[in-house]
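# Chain and residue survey
Spelled out, the chains give:
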Amino acid sequence: MSIGGSDLDRAITQLRACRPIPENQVRELCYKARELLIEEGNVVGVDAPVTICGDIHGQFHDLMELFRVGGDVPDTNYLFMGDFVDRGFYSLESFLLLLCLKVRYPDRITLIRGNHESRQITTVYGFYDECLRKYGSANVWRYCCEVFDYLALGALVTGAATSLSPTDGPLADNTNIENFPEADAEIEIETLNSNGEIMYRYARNSDSQSSASQATSNPASSSPIAPTPSRTGPAGTGATSSANGSSRNDTGAILCVHGGLSPLIDTIDKIRLLDRKQEVPHEGAMCDLLWSDPDEIDGWGLSPRGAGFLFGADIVKCFNHKNDLSLIARAHQLVMEGFKEMFDSTIVTVWSAPNYCYRCGNVAAILELGEDGSNAGYVRRSNGDQGGGGGGWILGSNVGIGNSGANGGNSNTVGGVNRRLSSVLGDIGKGREGPGRRYRVFEAAPQDSRGMPAKKPVADYFL
Amino acid sequence: MASSEIPNLRTLLGHGRGGPSRGRGRGSGHGGASHGGGEALNDQAVQKTDDDAASFRLSSVELGYLDDPYAKYLAAQSRPRRPPLINRGTYVRTTAIDLLIHKFLSTSPEQPKQIVSLGAGTDTRYFRLRDAHPNAQLVYHELDFPANTMTKLAALQKHPQLHSKVSPQPPPNPLSLTPGATSFHSPTYNLHAVDLRSLATTSKATPPPPLPNLDPSLPTLIFSEMCLVYLQPSIASAVISAFLTTYITAPTPISLILYEPILPHDAFGRMMTSNLAHRNISLPTLMEYPTLSDQRKRLRSYGFCDVSRAADTEFIWREWVAEEEKERIAALEMLDEQEELNMLLRHYCVAWGWRDGGAEGVFSRAWEGVVEMDGG
């Protein structure tokens, strides 16, 4: 039997309930997915608006939480940066659901390859065993691995807006209004919690503003800034009007890869020339794109992972400059706050597996880029009326993040509004203005949520 | 030890490593007071902790992280291989304690020495040390609940590889033990069936239980590898106090090595305590000594007045393990969980402190060059 049309919708319904589909349907689905993916280039072109997601790792219930927080497919345009499988208990359901959605809505969801989408890694980190357990044979694992070989290596997002239209949502607890930019400021970064409440908001060039026009850069002191009139006005006014065309086309493209850069790749065109339809090699450009990590070093360094490389700020800035990029978005590394901007916001890590491995206690994030249009492409969406997700946002990181920018502290921390380094780096450092970035941060779904089967996970500790 | 000696068990939630029932034959030597519903649950949960330790050890051995020919005789059953970060963590924990012990035994090697392992469980260290230091004049003591020592004795009887090492001369086979024996004594190896909490009752009126062959004159290294952590802080303190003030009095050099989790208050630590609570495991001393500097203070407060040091296991991996060895370990398994591993390693520490009368003392010399971590 073939999987298409209503069959596909039935499979989606079944997978959304976290129930695997029969082996013959998996075979059919994987065949169709390959037909689709083979047409994609190594670097897929994606138009903003798009929501960029990091590692999922088989945490199916958290993937459902991600869709609740970010909006459902096809209403929201998604880009997943790989590592769908391994570690969690529901790699199969998670990957097959994403694949079904890809086949059903090919223009609304982009999947690129992570280092775990590999035969070798999945035999060590759980996906192979999971397939064997759920189907009694390795056939389904084999079908999935054949799809892995066809996944694109990266994506290039174009048409992203440089500024955000401020969300008119309520403020999250402990959010300090006084740190908010003025109403007519251009919003560069906004972070929302899983209930759509605003945790903080940054204006573009906020550090120069605060040093030039504000003696009261201390966030604790009272501020002359009016308390966020943008929130009270109609959505779409405020910041967007200030853009008045001047910076509309200034943002470069955003390159999305799972891991990072490669010493063998200095232009995006070189990625396009790779022969990707194979198992991830142990070395070489394709391996590096899936395995490398940014690090506080100069140039290139050896990776403790045993594959890929470490690369420093200079490498990122040169690459972005040469390729007319404003930002690199990547995944691959656990970050406790869900996302981490580095190197003057030239690269960001997005991590979408909350409480990773049921042990790490981290929150997850997704990154929304708006469309470069009159209202920055941002349409306030309904997140549904569920109050789920725990709501217990970790307050410490909210406050900490807000302050680090205001204090002009560590330029590597989230926010990255400290641009002092750019003067040191001259032309290259200046680069393109980054896109407006809206991060939605969420916690792990409650284990018994939505009546789906959930095995109580046991995390190992040294006892 | 009679159950009547155990004071108010209800206040002592959290057992010595392994708990009264970690082995078979739960409850021998324990009063009914400890067996309320919650307590029984706790017993079962803590029983599983040594299963974990033994299976982690076996996994690390089978994959080549650790060289330990004895692990297979003492692990209850072979289990599937563990993830790479568990194998690494097991390697670091074992290697760290081994290193401190090795330096102790290698300092004035002709001098007789004594080692006390608290809540030893299925630990294989004694047998490995006999191989690594064949000429050491070592008196080794393991303390654990009767149910556990009985299990270990059975393994000693069953496997000649263990059996042949328990005394200086080849012992009779089978060991001449009375039926139902839970303790074993020889000039080199001693298995004491004892509830650690009974040491905490020490006073002039109730002396601590006798520990045969424990020599009050020998430099003594005590270690607790995830053992005291299951006790209430006041009980843990009293147990160590019994050694310092009753069994091994000054000026005999004495030291303590602790391997315990730290940092319960950050996101990872909160998840750790909550996940373990779901397994009915509580770690009372973790809350009492949450940081490295708390652990150092703790050792000083116990009476290890000369020096107390501490380092988390990430630091230990980085600073104590030779580059060559790191490369060997890295080649064993592909590790794609670097951030998680580092976080896990940062949440466990080794703390060590001693009382030996100053710079010429055996511990001062043995551990002079062992670097600790700043701050914390």
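Definitions and limits used
Residues numbered from 1 in each chain as written. Chains lettered and ligands numbered in written order. Predicted model: local features only at pLDDT ≥ 70, side-chain atom pairs only at ≥ 80, totals over all residues. Heavy atoms only, no water. Pairing = 2+ DSSP bridges. Helix = DSSP H or I, 4+ residues; strand = E, 2+ residues; numbered from the N terminus. Contact = heavy atoms within 4.5 Å. Axes fitted to C-alpha atoms, helices over the stretch in contact; angles between N-to-C directions. Core = buried A, V, L, I, M, F, W, Y, C linked by side-chain atoms within 4.5 Å. Buried < 20%, exposed > 50% of the residue type's maximum accessible area, 1.4 Å probe, protein only. Phe/Tyr/Trp six-rings, centres within 6.5 Å; stacked < 30°, edge-to-face > 60°. UniProt positions renumbered as here; feature names shortened; annotations may be inferred. Polar contact = N/O pair within 3.5 Å; in protein donor to acceptor, adjacent residues only side chain to side chain. Buried area = accessible area lost by both parts, 1.4 Å probe. Salt bridge = Lys/Arg side-chain N within 4 Å of Asp/Glu carboxyl O.

All names here are of chain B. Here we have eight strands laid out as an open sheet, ordered E3-E4-E2-E1-E5-E6-E8-E7, and mixed in their pairing. Looking at strand neighbours, the two that pair on one side only are strand E3 (184-185) and strand E7 (307-312), the edges of this open sheet. The sheet contact formed by strand E5 (residues 220-225) and strand E6 (residues 254-261) spans six bridges and is parallel. Counted as the bridge partner of Ser 224 is Leu 258 from E6. In the packing of helix H11 (residues 313-320) onto the sheet, the strands contacted are E6, E7 and strand E8 (348-355), and the crossing angle to E7 comes to about 90°.

Let's shift gears to unusual backbone geometry. Residues and elements named next belong to chain A. A cis amide bond links Ala 48 to the next residue, Pro 49, at an omega of 5°. Cis geometry marks the peptide bond from Val 73 to Pro 74, where omega comes out at 10°. Within the secondary structure layout, Pro 74 lies in the loop between helix H3 (60-70) and strand E3 (78-80). The residue Asp 324 is not glycine, and still its phi comes out positive at about 60°. We note that Tyr 358 has phi near 60°; this positive angle belongs to a residue other than glycine. With respect to the secondary-structure elements, Tyr 358 resides in the loop between strand E14 (347-350) and strand E15 (364-369).

Ranked by size, the top nonpolar core spans 82 residues in total, and within it Ile 115, Leu 221, Ile 257, Trp 352 and Trp 367 of chain B carry the most contacts. Not counting the four nearest positions on each side in its chain, Leu 221 of chain B is found in contact with Ile 101, Phe 104, Gln 114, Ile 115, Val 116, Ser 255, Ile 257, Phe 363 and Trp 367 of chain B. Judged by nonpolar contacts, the second largest core, of 51 residues, contains Tyr 90, Leu 98, Val 147 and Ala 364 of chain A.

Residue and element names in this part refer to chain A. Counting buried positions along strand E6 (residues 187-192) yields six of six residues, so the element is predominantly enclosed. In sequence, E6 turns back onto strand E7 (residues 198-203) through a hairpin of five residues, with Gly 196 there showing a positive phi of about 75°. Pairing between E6 and strand E16 (residues 437-442): four bridges, direction parallel. Residue Thr 191 lies in a different strand from E16, and its bridge partner there is Tyr 439.

By the definition in use, this model includes 28 aromatic pairs over all chains. Their ring planes at 90° and their centres at 6.1 Å tell us that Phe 462 of chain A and Phe 56 of chain B sit as a pair that is edge-to-face. Highlighted residues: Phe 462 of chain A in the segment after E16 and Phe 56 of chain B in helix H1 (residues 37-62), drawn from two different chains. Judged by centre distance (5.2 Å) and plane angle (55°), the ring pair of Tyr 126 of chain B and Tyr 140 of chain B falls under tilted.

Moving on, we get to the UniProt feature "domain: Serine/threonine specific protein phosphatases" (unreviewed entry) in chain A. Mapped onto this numbering, the UniProt entry annotates "domain: Serine/threonine specific protein phosphatases" (unreviewed entry) at residues 112-117 of chain A. The annotated region residues 112-117 of chain A carries 0% helix and 0% strand content, and the separation between its end C-alpha atoms amounts to 9 Å.

What follows concerns the UniProt feature "binding site: S-adenosyl-L-methionine" (unreviewed entry) in chain B. All names here are of chain B. As recorded in UniProt, the sites labelled "binding site: S-adenosyl-L-methionine" (unreviewed entry) are Arg 93, Gly 119, Asp 195, Leu 196 and Glu 225. Position of Asp 195 relative to the elements: it lies in the loop between strand E4 (189-193) and E5. Using a relative accessible area of 0% as the deciding quantity, one classes Asp 195 as buried. Here Arg 197 takes part through its side chain, which lies 2.6 Å from a polar atom of the side chain of Asp 195. Here Glu 225 is to be found in strand E5.

Before going further, it helps to examine the pairing of E14 of chain A. All names here are of chain A. Of the two faces of E14, the one carrying Ile 347 and Thr 349 and the one carrying Val 348 and Val 350 are both buried. Judged from the three bridges that link them, strand E12 (residues 325-330) and E14 form a sheet pairing that is parallel. Of the residues in E14, the one forming a bridge with Ala 329 is Val 348. Two elements, strand E13 (residues 339-342) and E14, share four bridges in a ladder whose sense is antiparallel. The residue of E14 that forms the bridge with Met 342 is Ile 347. Where E13 hands over to E14, the hairpin turn is made up of four residues, of which Phe 343 adopts a positive phi near 55°.

Taken together, the contact pairs 27 residues of chain A with 35 residues of chain B. Counting each side, the surface lost to burial between chain A and chain B is near 2800 Å², with a carbon and sulfur contribution of 59%. Area buried by chain A at its contact with chain B is led by Tyr 461, Phe 462 and Leu 463 of chain A, which between them contribute 37% of it. Remark: the boundary between chain A and chain B carries six salt bridges. Residue Arg 87 of chain A is joined to Glu 337 of chain B by a salt bridge in which the shortest nitrogen-to-oxygen separation is 3.0 Å. Across the chain A-chain B interface, the total number found is 15 residue pairs in polar contact (both at pLDDT 80 or more). With three residues, helix H5 (residues 119-125) of chain A is the single largest residue contributor to the side of chain A that touches chain B.

Turning to the environment of Asp 72 of chain A, a few remarks are in order. All names here are of chain A. Mapped onto the elements of the fold, Asp 72 is located in the loop between H3 and E3. Its relative accessible area of 30% is what places Asp 72 among the partly exposed residues. Setting aside anything within four residues of it in sequence, one finds Asp 72 in contact with Arg 16, Phe 67 and Tyr 78. Within the structure, the side chain of Asp 72 is placed 3.3 Å from the side chain of Arg 16, a separation counted as a polar contact.

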